[in-house]
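Fold and geometry: a report
Residue-level listing of the chains:
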Amino acid sequence: MDLDTRLLRYFAAVAEEGSLTGAAERLFVSQPALTKQIRRLEDGLGVRLFARSRSGMALTEAGREFASRVPALLDGWDEAVQATGRAARVLRLGFLDAGAVGGVPEVIAEFRRAQPQWRVELRQFDWSDPSAGLARGEVDAAVVRLPFPGQERLTVRELFVEERGVLLPARHPLANSETVEFRELADEPFVAAGAGTEAGVEAGAWREHWLATEERDGHPVRVGAVTSRPDEWLGAVAGGCVALAPASVTRFYSHPDVVFRPVSGVSPSRVGLARPRGRTHEAALDELLEAIAQRLSRS
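Per chain, the residues get numbers from 1 upward, laid out in the order the sequence is written. Local features in this predicted model are restricted to residues whose pLDDT is 70 or higher, and side-chain atom pairs enter the listing and the counts only when it is 80 or higher, whereas totals over whole chains, interfaces and linings include all residues. Only heavy atoms go into the side-chain values, all of them from the structure, while hydrogens and water stay out.

**Observations regarding the confidence of the model for the protein**
Taken over all residues, the pLDDT of the protein has a mean of 87, while the share at 70 or more is 91%. pLDDT runs from 0 to 100 and stands for how confident the predictor is about each residue. Contact between two residues is taken to exist if any of their heavy atoms lie within 4.5 Å; hydrogens are not considered. A low-confidence stretch, residues 195-203 stays under pLDDT 50, and its non-local contacts, those more than four residues away or across chains, total 20 contacts.

Now the structure itself:
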């Protein structure tokens, strides 16, 4: 059968994590979608790669043989992609939101003037992939918001912190408050980031941070909506939910029925620059990332 690298990456994640839940979180996909792709791979190969049980996913003998070969296949593919990018002189930079990127477009413009032989592609990803393309090998580096699942497998340089506030429906009783105490929001329906699947499937550091689970003292989260794009996010708030958001949201996103208020009692958002570990560094990419780090650190 013809295999695409996505199926191989899905297999490798399940093999390493030993469970569909952990692998789904690592890959930023829903568990049902991951299950479907693993079955597709097994059907294509004509063998069972995993023995499924309540305790997790154990590799079969065929699965262990396949797992011994997949990392080399993926490493070879990633190196081929990198080499192709170097030959074409293309650098790919991922990001999630304009507030985190700040002056990056200006840095890219300066880089292009100094290095006209290189093309820089700035790619925006939705919140279903907090790694901004790195988890699936779609970019060379990314401006990310920390923490997010899988960041320990990347090289991450923290650049700056940004206070978080709350988006409220304009008609909300707290909409006219100068500052909202987080405890006042404990029972509100929150917007959770995800891929539009059932709330909780993509549970992890990213989702928990934007629901402020650590600041709830054990109080359960009430999820009112799951969204992956800014327009859906603002629409959910206008419809009666609330959402934590970085302070920069007021400069880049607006809705006539949504207001932003500072919040006390929650930690700030941290912005970092991430890239894969253990890969050959391209001098041009190093130069670009250092310029970006310098600019954002001064934001």
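Picking up where we left off.
**Overview of the sheet that holds strand β4 (residues 119-124)**
By definition, two strands form a pair when at least two bridges between them are found by DSSP. Here a helix means four or more residues in a row that DSSP labels H or I, a strand means two or more in a row labelled E, and each is numbered from the N terminus. With respect to topology, five strands assemble into an open sheet ordered β4-β3-β5-β13-β6, the strand pairing being mixed. Each of the sheet's edge strands pairs with one partner strand only, and the pair in question is β4 and β6 (154-162). In this sheet, adjacent strand axes meet at a mean angle of 20° when their direction is disregarded. Where strand β3 (residues 90-95) lies against strand β5 (residues 141-146), three bridges are found, and the strand directions are parallel. Looking across to β5, one finds that G94 is bridged to A142. In this analysis an axis means a line fitted to C-alpha atoms, helices contributing only their contacting stretch, and an angle means the value between N-to-C directions, from 0 to 180 degrees.

**Some remarks on the pairing of β3**
On a regular strand, one side chain projects to one face of the sheet and the next to the other, so that they alternate. Buried, partly exposed and exposed residues are distinguished by accessible area as a fraction of the type maximum, computed with a 1.4 Å probe on protein chains only: under 20%, between the cut-offs, and over 50%, respectively. Taken across its six residues, β3 has six buried, putting it largely inside the fold. Residues V90, R92 and G94 line one face of β3 and the alternating positions L91, L93 and F95 line the opposite face, and both faces are buried. Relative to β4, β3 is paired through six bridges, and the arrangement is parallel. Opposite F95, over in β4, you have Q124 as the bridge partner.

**Structural notes on the environment of V104**
The residue V104 is located in helix α6 (residues 104-114) in this model. Between the C-alpha atoms of V104 and A291, which are 187 residues apart in sequence, the distance is 8.8 Å. Apart from the residues lying within four places of it in its own chain, the contact partners of V104 are L93, L122, V143, I292 and L296.

**With respect to the packing of helix α2 (residues 20-27) against helix α3 (residues 31-45)**
The interhelical angle for the contact between α2 and α3, taken along N-to-C directions, is 105°, at an axis separation of 9 Å. The angle between α2 and α3 places the two elements in the roughly perpendicular class. Contact residues: α2 offers L20, T21, A23, A24 and L27, while α3 offers Q31, L34 and T35. Of the residues that constitute the contact of α2 with α3, the class distribution is five nonpolar, three polar and no charged. Any angle from 65 to 115 degrees is called roughly perpendicular, while one under 35 is roughly parallel, one over 145 is roughly antiparallel, and all others are oblique. Charged means Asp, Glu, Lys or Arg here, nonpolar means Ala, Val, Leu, Ile, Met, Phe, Trp, Tyr, Cys or Pro, and polar covers whatever is left, Gly included.

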